[in-house]
Amino acid sequence: MSVRSFAICLMITLLAVLGALMAIFGHDNNPLDQDIGRPVFTQLAANPQAVKRIELRHHKGGFSFIRDQQSWRSEDKFGFPASARRVDGLLNDLAGLRLAEPKTRKPERYARIGVEPIGQAGARGGHLRLYDTNGDLIADAIIGDRISRPTGDAKAGTFVRLTGQAQAWLASGAITLPLTLRPWLNAAVIDMTPATVAAVDIIDLDGRRMVSRKTPMHSFTVAAGGGRETAFPAAPQVVEQLLTALQPLRFDDVRPRQAGPAFVATAGVKVRRFDGVVIEIEIADEKDIAWIRLNAVPPAGNVSAAISAEVAALNNRFKPWTYQIADWINDRLTEPLDRLRQQP
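Caption draft 1: Main features of the confidence of the model for the chain. Overall, the predicted model of the chain reaches an average pLDDT of 90, with 90% of residues at or above 70. A low-confidence stretch, residues 23-28 (pLDDT under 50), is modelled with four contacts involving residues beyond four sequence positions or located in other chains.

Structure, rendered in C-alpha cells:
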C-alpha cells in the first residue's frame, strides 16, 4: 500500500472513530438527560398528604375523591367512604414516579404508549388531576400504559405525559388507575369472624328458623320457630357458607337511606355474637334486586364501655346507608330450613 493510500485509510478510520465518539458522548448534551431521575410530580413527591382532591377521567367516564379530615370520600357516590388503603397507596405510588426515559413528542405516536388525549377514539390512558387544600392544581397528566420490565430503579414502568407538554416519558414505577369505582370504595359492610357467631335467626315468607350453638366448640343446631321447636343437627357446609357471607359482607352498590323507593323489608336476619351484640339485617326486594339495612344492638344488662363504643361506631356507619347485595349473599342469608337441617 502506498503512503497516500495509507494516509487516506487512516483518515477515514479516524473520522469513523470520531463519529462514534460523538454519537456516544454527544448524547450527554441532550437537555432532557438532566431530568432523568427527577420526580414526575415534584410537589406531590414533596408531600403526598397535601392532596385534598383527586380527579380521574378516562374513556369510560371518571370519578373523584375528596379528603374529609383524615378520610377519603367518593364525590360520585353520595360522599361514601373510599378505601384509604387504596387511595393513599395510589398517591404514594404517584409520588414515587421518577422520569426514566424520554419518549416521543409526536402526537401521532401517543396512542402507541397510551398517552393520547382521553377524548380520542380508543384512548387507553387516564387523565389525572390532583389538587391541594387551597384548590391549586399540583399534578396534571395523562397516565398511560404499564410495562413489566425493570425501569430505572423500579421493577416496572409507566408511560406518562404532563398536560400541556408534548414530551412523553417512561417513568420508573407501576401505576394502576381505577377504571371502575366500586373496588375503590370501602365496600365491607360488616366483617364477622365465624368463631364469634352464636346464633343466626332468619325470618321471611317461608317462616322462621334459627341456627345456634352454645360455645364456639359446639356444633350448630337448627330449629324452626326461632329455636322454640325441637332442634336438629345443622348441615355444617350450609352453615359455613352462611357465615362466610358475613366475613366480610360486601355490597354491590350503595345509596343514602332517604334516597330511592320506599324500603319494604321482606326478610330479616339477626346475627348474635357470643358477647351478646346483635346485628340486625333487614332485606328488601326491589325488582329482584336485594337491598339491606343494618342495625347494631347491644346486649341486655350492663354493657362494657368497649361494647358500647363498638355498637355506636357500627350504627354510625350503618345508619346513613342502604346497601345492594349480590344474589348469592341474599341466598346465603335466607337459607331455607330444609337446607339448614342436616340430612340423615
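Caption draft 2: Focus on the packing of aromatic side chains. Under the counting rule described, the total for this entry stands at six aromatic pairs. Aromatic side chains Phe80 and Trp321 sit 4.9 Å apart centroid to centroid with 75° between the ring planes, which places their arrangement in the edge-to-face category. Residue Phe80 is located in the loop between strand S3 (71-74) and helix H3 (84-95), and its partner Trp321 is located in strand S19 (residues 321-325); the two are separated by 241 residues in the primary sequence. The two residues Phe80 and Trp321 agree in class, both being buried. In this structure, Arg161 is placed above the aromatic ring of Tyr110, and the distance from its NZ or CZ to the ring centre is 4.3 Å.

Caption draft 3: View of the environment of Ser148. Turning to its location among the elements, Ser148 is positioned in the loop between strand S6 (137-147) and strand S7 (157-162). What makes Ser148 exposed here is its relative accessible area of 71%. Put simply, Ser148 and Gly173 are 25 residues apart on the chain and 9.7 Å apart in space, counted from C-alpha to C-alpha. In contact with Ser148, other than residues within four places in its own chain, are Lys155 and Ala156.

Caption draft 4: The arrangement of the nonpolar core in detail. Of all hydrophobic cores here, the largest spans 75 residues; its most connected members are Leu94, Leu130, Ile190, Leu249, Ile279, Ile281 and Tyr323. Residue contributions to this core peak at five residues, all from H3. Aside from chain neighbours lying at most four places away, what touches Ile279 is Ile190, Met192, Val269, Lys270, Val271, Leu294, Asn295, Ala296, Leu314 and Phe318. Grouped together as the second largest cluster of nonpolar side chains are eight residues, Tyr110, Val115, Ile142 and Leu170 included.

How each quantity is defined
- Residues numbered from 1 in each chain as written.
- Predicted model: local features only at pLDDT ≥ 70, side-chain atom pairs only at ≥ 80, totals over all residues.
- Heavy atoms only, no water.
- pLDDT = per-residue confidence, 0-100.
- Contact = heavy atoms within 4.5 Å.
- Phe/Tyr/Trp six-rings, centres within 6.5 Å; stacked < 30°, edge-to-face > 60°.
- Helix = DSSP H or I, 4+ residues; strand = E, 2+ residues; numbered from the N terminus.
- Buried < 20%, exposed > 50% of the residue type's maximum accessible area, 1.4 Å probe, protein only.
- Lys NZ or Arg CZ within 6 Å of the ring centre and 35° of its normal.
- Core = buried A, V, L, I, M, F, W, Y, C linked by side-chain atoms within 4.5 Å.

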